[in-house]
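Summary of structural features
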Amino acid sequence: MPELSRLPKPVVEEWDWQLRAACRGRDVALFFHPFNARGVSRKAREEAAKAVCASCPVVPECRRHALETEEVFGVWGGLGENELRELITRQRRR
């Protein structure tokens, strides 16, 4: 679970990027794997989510949010869970 104390303040300027996100209005199940999903089905879901991110105009903002809040579940800013965990670990070491 992300650390909620790291969430930005609840002001429009901090969150309005989400209004332009390519994932807006899509089924969130595409971006978060079902419990115990493994193998081919998990990889296919992640690739489909990343395909949505590939055309998204707010990938940098989304990725920054995920790294700032240390979000390790789901696809954020075009990164999968393993990629997010790796970047968060690097951040912590700095």
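From a predicted model like this one, the values you see are computed outputs, not experimental measurements.

It is worth spelling out the overall build of the protein at this point. Helix and strand counts for the protein come out as four helices and zero strands. Across the 94 residues of the protein, 32% fall into the buried class. Relative to all contacts within the protein whose residues are 6 or more apart in sequence, the contacts with residues 24 or more apart total 50%. Carbon and sulfur atoms make up 56% of the accessible area of the protein, which totals about 6,400 Å².

The subject of this paragraph is the packing of aromatic side chains. Going through the model one piece at a time under the given rule, you end up with one aromatic pair. On the basis of an interplanar angle of 80° and a centroid distance of 6.2 Å, the ring pair of phenylalanine 32 and tryptophan 76 is categorised as edge-to-face. You can see phenylalanine 32 sitting in the loop between α1 (12-15) and α2 (39-54) and its partner tryptophan 76 sitting in the loop between α3 (59-68) and α4 (81-93), a full 44 residues away along the chain. Residue classification places tryptophan 76 among the buried residues on the basis of a relative accessible area of 17%. Lying across the ring of phenylalanine 73, arginine 85 places its NZ or CZ 5.5 Å from the centre.

In this section: the nonpolar core. Counting residues in each nonpolar core, the largest one holds 18 residues, and the members touching the most others are Phe31, Cys53, Cys56, Val58, Val75, Trp76 and Leu84. Contributions of two or more residues to this core are made by α2, α3 and α4. With four residues, α3 is the single largest residue contributor to this core. If near-sequence neighbours (up to four positions away) are discounted, leucine 84 is found in contact with Ala66, Leu67, Glu71, Gly74, Trp76 and Leu79.

Another aspect to go through is the pattern of salt bridges. Evaluated as defined, the whole model comprises seven salt bridges. In this structure, the salt-bridge partner of lysine 43 is glutamate 47, at a minimum N-O distance of 3.2 Å. With lysine 43 and glutamate 47 both in helix α2 and four residues apart, this pair spans about one turn of that helix. Taking relative accessible area as the criterion, lysine 43 reaches 53% and is therefore assigned exposed.

Another point: α2. Helix length check: α2 (16 residues) gives 22 Å between terminal C-alpha atoms against 22 Å at 1.5 Å per residue, within 8%. Residues of α2 that are buried sit in contact with α3.

So, about the side chain of arginine 45. Within the secondary structure, arginine 45 is located in helix α2. Salt bridges are absent for the buried arginine 45, whose nearest opposite-charge side chain, glutamate 46, sits at 4.3 Å. A polar contact of 3.3 Å, which involves the side chain of arginine 45, links it to the backbone oxygen of leucine 30. Of note is the side chain of arginine 45, whose polar atom sits 3.5 Å from the backbone oxygen of phenylalanine 31. When neighbours within four sequence positions are excluded, arginine 45 is seen to be in contact with Ala29, Leu30, Phe31, Phe32, His33, Pro34 and Val75.

Procedures and definitions
- Residues numbered from 1 in each chain as written.
- Predicted model: local features only at pLDDT ≥ 70, side-chain atom pairs only at ≥ 80, totals over all residues.
- Heavy atoms only, no water.
- Helix = DSSP H or I, 4+ residues; strand = E, 2+ residues; numbered from the N terminus.
- Buried < 20%, exposed > 50% of the residue type's maximum accessible area, 1.4 Å probe, protein only.
- Contact = heavy atoms within 4.5 Å.
- Areas by Shrake-Rupley, 256 points an atom, 1.4 Å probe, with all protein chains shown as cover.
- Phe/Tyr/Trp six-rings, centres within 6.5 Å; stacked < 30°, edge-to-face > 60°.
- Lys NZ or Arg CZ within 6 Å of the ring centre and 35° of its normal.
- Core = buried A, V, L, I, M, F, W, Y, C linked by side-chain atoms within 4.5 Å.
- Salt bridge = Lys/Arg side-chain N within 4 Å of Asp/Glu carboxyl O.
- Expected span 1.5 Å × (residues − 1).
- Lys, Arg positive; Asp, Glu negative; His and termini not counted.
- Polar contact = N/O pair within 3.5 Å; in protein donor to acceptor, adjacent residues only side chain to side chain.

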